[in-house]
Amino acid sequence: MTNTSNDSMLDETHDPLLQSWVEGANDRVTDFPIQNLPFGVFRTAAAHTPRVGIAIGDHILDCAAAVRVGLFDALPDAGRDALGATSLNPLMALGRDGARAVRHLVSRLLRTSGDEAGRAQPLRAQILVPMSDATMLLPAQIGDYTDFYASVHHATNIGVMLRPDQPLMPNYKWIPIGYHGRASSVVLSGTAVRRPAGQLRPDPAVDPIVAPTRSLDYELELGAFVCGENAMGQPVPLERAESRLFGICLLNDWSARDMQGWEYQPLGPFLAKSFATSVSPWVVTLDALAPYRCESYVRPEGDPAPLPYLSNAHDAAQGAIDIRLEVWLQSAAMRASGTPAVQLCGADFRTMYWTFAQMLTHHASNGCNLRPGDLLGSGTVSGPGATERGSMMELTLRGKTPVTLLSGETRAFLMDGDVVEFRGWCGRDGAVRIGFGECRGEVISAE
Ligand code: CA
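Residues numbered from 1 in each chain as written. Predicted model: local features only at pLDDT ≥ 70, side-chain atom pairs only at ≥ 80, totals over all residues. Heavy atoms only, no water.

**Q** Outline the overall build of the protein, supporting the account with residue identities and numerical values.
**A** Within the protein, the regular secondary structure consists of 13 helices and 26 strands. In summary, the protein has a C-alpha radius of gyration of 22 Å against a globular reference of 22 Å for 447 residues, a match within 12%. By principal-axis analysis of the C-alpha atoms, the protein measures approximately 75 × 55 × 40 Å. Scored against the burial criterion, the 447 residues of the protein give a buried share of 55%. In the protein, the share of contacts with a sequence separation of at least 24, taken over all contacts with a separation of at least 6, comes to 74%. Carbon and sulfur atoms provide 54% of the accessible area of the protein, an area that totals close to 18,200 Å². For the protein, the centre of its 37 positive side-chain charges and the centre of its 49 negative side-chain charges are spaced 2 Å apart. (Helix = DSSP H or I, 4+ residues; strand = E, 2+ residues; numbered from the N terminus. Rg over C-alpha atoms; globule rule 2.2 N^0.38 Å. Buried < 20%, exposed > 50% of the residue type's maximum accessible area, 1.4 Å probe, protein only. Contact = heavy atoms within 4.5 Å. Areas by Shrake-Rupley, 256 points an atom, 1.4 Å probe, with all protein chains shown as cover. Lys, Arg positive; Asp, Glu negative; His and termini not counted. Charge placed at Lys NZ, Arg CZ, Asp CG, Glu CD.)

The structure is reproduced here in structure tokens:
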């Protein structure tokens, strides 16, 4: 991996020496130092209207309040209006440049030094909300949700179980494979996930039954929110794809493997996945991730090169993002006994076969219009190793080799009361660690 060719994407907001006057933002382990500044939507008990916020340490910068007190007067009207909205869609409509202008201004406002710091700090009681006082909401109204399948390690792990003689379909190395998911059931982290019921065919010798799924699973993914808009009929060239990527969140593509196995041929996943998809509340912008851009996956000898519309020098040299992802699980019994969650997986997003830019360009290559607030799932992030399997289906070989938890319980798939939590963060020498917060959900019974 090379991390050295991304200097052109770095600016003053990435300076590792920047400190904030907001306590907690300079804590070495916070996910939200001043170098991050992710966007979200929240409300409080005192003010029910949803409003745009920016995470800083263990506080939220209330953007509507900052507009009211004049801190954003330097922004164009459209930017100020977007920050006073009840979702991120208007800000996403302004494209990467709109969010970048906000990032630069907020970075200056929240620093310990410089003229802007002197303007903001005296107003802290009006513009800062402790995270503990806020309820987070879905960051955007998601018009469409598409889920990809971009990890060759995940695709291979799954393929070996389903088709031992041909784990990867012939199209895998040519096409960023995806399917159209369900936007209405994308929920915020913290929302309980009811075990879905559906058609299962546990015994191929007898007719299918209708029952709660017996093989509920998670999929460790990242979600990318789209910004800007291309008119229908207008593809998005790869060199413009990153200008259409607003930012990234954690995403859990909950999956019912038994339902999936029965229904997926010939048109792909349907009810096995549309019952719930969880996302984390904070959207980390592509700009914040600039220090962590790296060389995209180096295809082994013998693999085809991407077709020209999916290939350019920038994407090859810096198209990937070095994000560490983790899956943690805590059963109801573990919670009751005070046993901490156990880590089931740690995987690196940079090992994906396709970049988000390639996925977006491929998505729009037929002229499909992608709109602000659309969500792209990366596909399950798995690495080549045994500890890098981003779903339980891979971890337990479809339930054949259950894992043993710290409580002594075993899991082939998820049980009611299990809490699944994803975490993600970036760190390297010469840059400040930034994180994504968490994406969690508790499985509740089908009844
Ligand atoms: Ca998925």
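Okay, back to it.
**Q** Explain the packing of aromatic side chains to me, using residue names and the numbers behind them.
**A** Per the stated rule, a full pass over the model turns up eight aromatic pairs. Summarising the aromatic geometry, the rings of Phe39 and Phe246 are spaced 5.7 Å apart at their centres and angled 55 degrees between planes, so their arrangement reads as tilted. Taken together, the positions of Phe39 in strand 1 (residues 39–44) and Phe246 in strand 14 (residues 245–252) put the pair 207 residues apart, joining distant regions of the chain. One exposure class covers both Phe39 and Phe246, and it is buried. Between Tyr218 and Phe422 the ring centres are 6.1 Å apart and the planes differ by 80 degrees, which places this aromatic pair in the edge-to-face class. Residue Tyr218 is located in the loop between strand 12 (216–217) and strand 13 (220–226), and its partner Phe422 is located in strand 25 (residues 419–426); the two are separated by 204 residues in the primary sequence. Taken together, the aromatic side chains of Tyr149, Tyr172, Tyr297, Tyr353 and Trp354 make up a single cluster linked through ring pairs. The aromatic ring of Trp354 is capped on one face by Arg299, whose charged end is 4.7 Å from the ring centroid. The aromatic ring of Trp328 is capped on one face by Arg423, whose charged end is 4.3 Å from the ring centroid. (Phe/Tyr/Trp six-rings, centres within 6.5 Å; stacked < 30°, edge-to-face > 60°. Lys NZ or Arg CZ within 6 Å of the ring centre and 35° of its normal.)

**Q** Break down unusual backbone geometry for me, citing the residues and quoting the values.
**A** Of the consecutive residues Gln265 and Pro266, the connecting peptide bond is found in the cis state with omega at 5 degrees. Here Pro266 shows up in the loop between helix 9 (257–263) and strand 16 (277–279). Positive phi is not limited to glycine here, since Leu37 has a value of about 55 degrees. Looking at the secondary structure, you find Leu37 in the segment before strand 1. Phi angles above zero are rare outside glycine, and Leu397 is one such case at about 50 degrees. With respect to the helices and strands, Leu397 occurs in the loop between helix 13 (392–395) and strand 23 (403–404).

**Q** Can you lay out the coordination of the calcium ion for me, pointing to particular residues and giving the numbers?
**A** Looking at the calcium ion, the protein donor atoms are Asp147 (OD), Glu219 (OE), Glu221 (OE) and Asp253 (OD), and they sit 2.2 to 2.3 Å from it. Expressed as a motif, the donor residue spacing for the calcium ion is D-x71-E-x1-E-x31-D. Of the two residues, Glu221 is situated in strand 13 and Asp253 in the loop between strand 14 and strand 15 (255–256); the sequence distance between them amounts to 32 residues. The exposure class assigned to Glu221 is buried, which follows from its relative accessible area of 0%. (Donors = N, O, S within 2.8 Å, 3.2 Å for Na, K, Ca; no water.)

**Q** For the sheet that holds strand 1, give the residues involved together with the corresponding values.
**A** Here we have five strands laid out as an open sheet, ordered 4-3-2-1-5, and antiparallel in their pairing. Each edge of the open sheet is held by one strand with a lone partner, namely strand 4 (128–130) and strand 5 (134–137). This sheet shows a mean twist of 45 degrees between the axes of neighbouring strands, independent of strand direction. Here strand 1 pairs with strand 2 (residues 51–56) via four bridges, running antiparallel. Within strand 2, the residue paired with Phe42 across the bridge is Arg51. Running over the sheet, helix 4 (residues 95–110) touches strand 1, strand 2 and strand 3 (59–62) and is turned about 55 degrees from strand 2. (Pairing = 2+ DSSP bridges. Axes fitted to C-alpha atoms, helices over the stretch in contact; angles between N-to-C directions.)

**Q** Provide a residue-level description of the pairing of strand 6 (residues 145–148), including the pertinent values.
**A** Each regular strand carries side chains that alternate between the two faces of the sheet. Burial along strand 6 is two-sided: Tyr145 and Asp147 and Thr146 and Phe148, pointing in opposite directions, are all buried. Bridging between strand 6 and strand 22 (residues 375–377) involves three bridges; their strand directions are parallel. Paired with Tyr145 across the strands is Leu375, a residue of strand 22. Examined bridge by bridge, strand 6 and strand 7 (residues 178–180) share three bridges and lie antiparallel to one another.

**Q** Go over the pattern of salt bridges with me, naming the residues and quoting the values.
**A** Evaluation of the coordinates by the stated rule reveals 26 salt bridges. In this structure, Asp217 engages Arg257 in a salt bridge whose closest nitrogen and oxygen atoms are separated by 2.8 Å. Separated by 40 residues along the polypeptide, Asp217 in strand 12 and Arg257 in helix 9 bring together distant segments of the chain. Salt-bridge contacts for Glu409 lead to Arg411; the nearest nitrogen and oxygen are separated by 3.5 Å. (Salt bridge = Lys/Arg side-chain N within 4 Å of Asp/Glu carboxyl O.)

**Q** Describe the layout of surface pockets, listing the residues and the values that go with them.
**A** Taking a probe equal in size to a water molecule and rolling it over the atoms shows the remaining empty space. Put simply, the largest pocket is a space of about 1,200 Å³. Along its surface, the largest pocket is lined by 43 residues, and Ile158, Leu162, Arg163, Gln260 and Tyr264 are the ones closest to its centre. Broken down by secondary-structure element, the contributors of at least two residues to the lining of the largest pocket are strand 6, helix 7 (152–162), strand 7 and helix 9. In terms of residues, the lining of the largest pocket owes the most to one element, helix 9, which gives five residues. Tallied by class, the residues present in the lining of the largest pocket amount to 21 nonpolar, 10 polar and 12 charged. In this model, the second largest pocket occupies a volume close to 270 Å³. Split by residue class, the lining of the second largest pocket holds eight nonpolar, four polar and three charged. (1 Å grid on protein atoms, 1.4 Å probe; cavity = no way out; pocket = protein on both sides within 12 Å on 5 of 7 lines; lining within 4 Å. Points joined across faces, edges and corners; volume = space filled by probe spheres on them. Nonpolar A, V, L, I, M, F, W, Y, C, P; charged D, E, K, R; others polar.)

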